[in-house]
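Architecture and fold: a report
Residues per chain are reported as follows:
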Amino acid sequence: MIDLVKDGYDLAMLNYVPTQQGLTVKNVFNASLSLYCTKAYAEKYGVPKDPSELSKHLVTGLMQSDGSVANEGPITHNVTKVTTLIDMPKRIIINNSLHGLKLLESNEVICGLFENVGHALNQANIVRVLPDYHVLDLKFYTVRHQSIRDLKTQLFCEFLEECLKSGNTPT
């Protein structure tokens, strides 16, 4: 947990709503985590056709922001919105999409990646696993202290929101 004023931050981007009072919190971006593998993986091991088949594959698990690993994780059908709990893989646990990209290159795992990362990959070599499902939804928030209303921070917030809406990340 951060204290924006005490720690000297003008702005934070978080994937949770902070409990601290006196903050301006705005949802600026939503992301879904979907499963991917490479074509080489699919040719070697096949691709699950149903969420129940995931347990027969080496799938990376996801570490929570507090460092824990849940025993079960949700997988949600994109159309019906029906969510099923599946056993959380624990052989390989990651907390970062960059780790997932490197593991994916091994052609030995199925990995959860945010859809905007998955779309940016070499489409000729990537296979979306269970394309009718996603495994996680995250909301991202800009957080500012209510007393900070300077123009630079406001303009930066607007720039950041525009980049996120367009799919471009600021450099």
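First things first, this report covers the structure right here in the doc. Since this is a predicted model, take the numbers as computed values, not measurements.

The next subject is the overall build of the chain. For the chain, the count of helices and strands is five helices and ten strands. Over its C-alpha atoms, taken along the principal directions, the chain stretches across nearly 55 × 35 × 30 Å. The buried share among the 171 residues of the chain stands at 36%. Expressed as a percentage of contacts within the chain between residues at least 6 apart in sequence, the contacts between residues at least 24 apart total 71%.

Let us now look at the sheet that holds strand β9 (residues 133-134). The strand order across the open sheet formed by three strands is β5-β4-β9, and the pairing between neighbours is antiparallel. On the outer flanks of this sheet lie β5 (83-87) and β9, each paired with one strand and no other. Sheet topology note: the strand β4 (residues 72-77)/β5 ladder contains five bridges and is antiparallel. Bridge assignment links P74 to a residue of β5, and that residue is L85.

This part takes up the environment of E161. Among the structural elements, E161 can be located in helix α5 (residues 151-166). A relative accessible area of 12% places E161 in the buried class. Between the C-alpha atom of E161 and that of V28, which follows or precedes it by 133 residues, the distance is 5.9 Å. Here E161 is in contact with K26 and V28, once residues within four sequence places are set aside. Engagement of the side chain of E161 in a polar contact is seen with the side chain of K26, the distance being 3.0 Å.

Bringing helix α3 (residues 97-105) into the picture now. Within the span of α3, buried status applies to S97, G100 and L104. Each buried residue of α3 lies within a common arc of 50° when the element is viewed along its axis, so the set occupies one face. Counted as exposed and oriented over 90 degrees from the buried face of α3: L98, K102 and E105. Tucked inside the fold, the buried residues of α3 contact β2 (23-38), β6 (93-94), β7 (111-114) and β8 (126-129). A side-chain oxygen of the first residue of α3 lies 2.6 Å from the backbone nitrogen of L98; this N-cap is N96. Phi for N107, located one or two positions after α3, is positive at around 65°.

On to the nonpolar core, then. The biggest cluster of nonpolar side chains holds 18 residues, and the ones touching the most others in it are L35, C37, L54, I75, I110, V129 and L130. If you tally residues by element for this core, the top one is β2, at four residues. In contact with L130, not counting residues within four places along its chain, are P48, K49, D50, P51, L54 and I75.

This model, assessed by the stated rule, comprises three salt bridges. In this structure, E161 and K26 form a salt bridge, with 3.0 Å as the shortest nitrogen-oxygen distance. Linking E161 in helix α5 with K26 in strand β2, this pair joins segments that are 135 residues apart in sequence. On the basis of relative accessible area, K26 is assigned to the partly exposed category, the value being 41%. Residue E108 pairs with K44 through a salt bridge whose shortest N-O separation is 2.9 Å. Of the two residues, E108 sits in the loop between α3 and β7 while K44 sits in helix α2 (residues 39-45), which places them 64 residues apart along the sequence.

Analysis parameters
Residues numbered from 1 in each chain as written. Predicted model: local features only at pLDDT ≥ 70, side-chain atom pairs only at ≥ 80, totals over all residues. Heavy atoms only, no water. Helix = DSSP H or I, 4+ residues; strand = E, 2+ residues; numbered from the N terminus. Buried < 20%, exposed > 50% of the residue type's maximum accessible area, 1.4 Å probe, protein only. Contact = heavy atoms within 4.5 Å. Pairing = 2+ DSSP bridges. Polar contact = N/O pair within 3.5 Å; in protein donor to acceptor, adjacent residues only side chain to side chain. Arc of directions from axis to C-beta. Core = buried A, V, L, I, M, F, W, Y, C linked by side-chain atoms within 4.5 Å. Salt bridge = Lys/Arg side-chain N within 4 Å of Asp/Glu carboxyl O.

Purely geometric stuff here, so don't read any function into it on its own.
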